[in-house]
Amino acid sequence: ALAATGSTRPVRRAQAQVVPVARSSVAREARGGDTDTRVCIPLEELRNTDVDKVGGKSASLGEMISQLSEVGVPVPGGFSTTSHAYKEFLDKGGINDFINEKLADE
């Protein structure tokens, strides 16, 4: 790729790497169920049943990859951040507390 500054010198870009996620990223909930605690999930692993983990668009893309790639329709891969990661971000960043304070009845 050439730099946007008009230079004719090639610009080196970092290659994205897929980082494998250990399958042990599951926490036990108090009621005996398992919760997926990964922050990112490859789209190839997602199905329509994963809407609660990643939302409808990502789950649908995962379903498309699983169904359409087998018959030769190209569907781009990728990953989705999880609802667990979003909730952790809100909690650890103090954003939940801030929102709750602003919404509290005085």
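Residues numbered from 1 in each chain as written. Predicted model: local features only at pLDDT ≥ 70, side-chain atom pairs only at ≥ 80, totals over all residues. Heavy atoms only, no water.

K.L.:
So, the overall build of the chain: which residues are in play, and what are the values?
P.N.:
What the chain contains, in helices and strands, is four helices and four strands. When the helices and strands of the chain are listed from N to C terminus, the series reads β-β-β-α-α-β-α-α. The long-range fraction of contacts in the chain, counting pairs at least 24 apart against all pairs at least 6 apart in sequence, stands at 34%. As presented, the chain carries roughly 8,700 Å² of accessible surface, and 55% of it is formed by carbon and sulfur atoms. (Helix = DSSP H or I, 4+ residues; strand = E, 2+ residues; numbered from the N terminus. Contact = heavy atoms within 4.5 Å. Areas by Shrake-Rupley, 256 points an atom, 1.4 Å probe, with all protein chains shown as cover.)

K.L.:
Which residues make up a nonpolar patch on the surface, and what values go with them?
P.N.:
A surface patch of nonpolar side chains, amounting to about 380 Å² of accessible area, comprises Leu 61, Met 64, Leu 68, Val 71 and Val 73. Tracing the sequence through the fold places Leu 61 in helix 2 (residues 56-68). For Leu 61, a relative accessible area of 32% gives the class partly exposed. (Patch = residues over 30% accessible without salt bridge, like charges linked within 9 Å, V, L, I, M, F, W, Y side chains within 5 Å. Salt bridge = Lys/Arg side-chain N within 4 Å of Asp/Glu carboxyl O. Buried < 20%, exposed > 50% of the residue type's maximum accessible area, 1.4 Å probe, protein only.)

K.L.:
Which residues make up the pattern of salt bridges, and what values go with them?
P.N.:
When charged atoms on two side chains of opposite charge get close, those side chains can pair. The full count for this structure, using the stated rule, is five salt bridges. If you follow the salt bridges from partner to partner, you end up with Asp 36, Arg 38, Glu 45, Asp 50 and Lys 53 in one network.

K.L.:
Now, about the side chain of Ser 66: what can you tell me, with residues and values included?
P.N.:
With respect to the helices and strands, Ser 66 occurs in helix 2. A distance of 2.9 Å separates the side chain of Ser 66 from the backbone oxygen of Glu 63, its partner in a polar contact. (Polar contact = N/O pair within 3.5 Å; in protein donor to acceptor, adjacent residues only side chain to side chain.)

K.L.:
Any chance you could break down the environment of Arg 38 for me, citing the residues and the numbers?
P.N.:
Note on placement: Arg 38 falls in the loop between strand 2 (34-36) and strand 3 (40-42). A C-alpha to C-alpha distance of 7.3 Å links Arg 38 and His 84, two positions 46 residues apart in sequence. Here Asp 36 takes part through its side chain, which lies 2.7 Å from a polar atom of the side chain of Arg 38.

K.L.:
Tell me about the environment of Tyr 86, residues and numbers included.
P.N.:
Of note, Tyr 86 is situated in helix 3 (residues 83-92). C-alpha separation for the pair Tyr 86 and Val 54, spaced 32 residues apart in sequence, amounts to 9.8 Å.

K.L.:
Can you explain the nonpolar core? Please cite residues and give values.
P.N.:
Counting residues in hydrophobic clusters, the biggest one holds seven residues: Ile 41, Leu 43, Leu 46, Val 54, Ala 59, Ile 65 and Val 75. Ignoring sequence-local partners within four residues, the contact set of Val 54 consists of Ile 41, Leu 46, Ala 59, Ser 80, Thr 81 and Thr 82. (Core = buried A, V, L, I, M, F, W, Y, C linked by side-chain atoms within 4.5 Å.)

No statement about biological role is implied by the geometric values presented.
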